[in-house]
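Residue-level structural notes
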Amino acid sequence: MSSDTPETPRLIKKYSNRRLYDTHTSSHITLADIRELVLSQVPFQVVEVPSGDDITRTILLQIIQEAENAGEPILSSDMLKSIICAYGPMQTMFAGFLESNMATLLEIQQKAGNQSGEAWMQFMQGQMPAMQQLMSQYLEQSKSLYLNTQNMFGLFNPFNNKPKQD
């Protein structure tokens, strides 16, 4: 197989009894096993039997839900509400924003991968307040830029709906 050809995704089948079956290993697997595939960057697709529907996203959301319930959550209630509010006209822009920022964070983590996991965690815990402040500033600047662009073109300005009086 050449390096230019993308690897065929591993097929995981989900049966009506809610069991997951890995066709690559010919064995039943759990959500924890699928999480390991994600961490190992193994391409896979989860298909519901007998409909054939691709339910990969649903399974990934279940893994996130388990992780959120298991320990200290990443997604606060306020953040989840914000994500729900982003569906609709802002959805495409928001999805791109999240994807690019997650890719950047993962790249930073990969570059620091030479360090031990413990050292990385200690470093990140020390840097967390500074990173949160930087992200907050970045988001405020992005918001300001977006609102200024809207105002400049007269888009979506709910206060501009009144007819002008001469």
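Structure: see above.
Since we're looking at a predicted model, the values are computed, not measured.

Residue position: lysine 14 is located in strand β1 (residues 10-14). Within the buried set, lysine 14 has no salt-bridge partner at all; the shortest N-O distance to an opposite charge, 5.5 Å, is to glutamate 48. Residues within four places of lysine 14 in sequence aside, it is in contact with Arg19, Leu20, Val46, Val47, Glu48, Val49, Ile55, Ile59 and Gln62.

As a further point, take the sheet that holds strand β3 (residues 27-29). Spatial strand order, β3-β2-β1-β4: four strands in an open sheet with mixed pairing. Two strands close off the open sheet at either side, each with one partner strand: β3 and β4 (44-48). This sheet shows a mean twist of 35° between the axes of neighbouring strands, independent of strand direction. Here three bridges tie β1 to strand β2 (residues 20-22), and the two strands are oriented antiparallel to one another. Across the sheet, residue isoleucine 12 finds its bridge partner in β2, namely aspartate 22. Along the sheet face, helix α2 (residues 56-70) touches β1, β2 and β4 and points at about 105° away from the line of β4.

What counts, and at which threshold
All chains use their own residue numbering, which begins from 1 and follows the written sequence. Reporting in this predicted model follows two pLDDT cut-offs: at least 70 for local features of residues, and 80 or more for side-chain atom pairs to be given and counted; totals over whole chains, interfaces and linings ignore these cut-offs and use all residues. Remark: hydrogens and water are excluded; side-chain values derive from all non-hydrogen atoms of the structure. Put simply, DSSP H or I for four residues or longer makes a helix, DSSP E for two residues or longer makes a strand, and each gets a number counted from the N terminus. Exposure classes here rest on a 1.4 Å probe applied to the protein chains alone. A residue is buried below 20% of its type maximum, exposed above 50%, and partly exposed in between. Residues scored as positive are Lys and Arg, those scored as negative are Asp and Glu, and His as well as the terminal groups of each chain are ignored. Within this document, salt bridges are pairs made up of a side-chain nitrogen of Lys or Arg and a carboxyl oxygen of Asp or Glu, the two lying within 4 Å of each other. Whether two residues are in contact is decided by their heavy atoms: any pair within 4.5 Å suffices. Here the rule is simple: two strands pair whenever DSSP picks up at least two bridges between them. Lines are fitted to the C-alpha atoms to define the axes, a helix being fitted only along its stretch in contact, and any angle between axes, read from their N-to-C directions, falls within 0 to 180 degrees.

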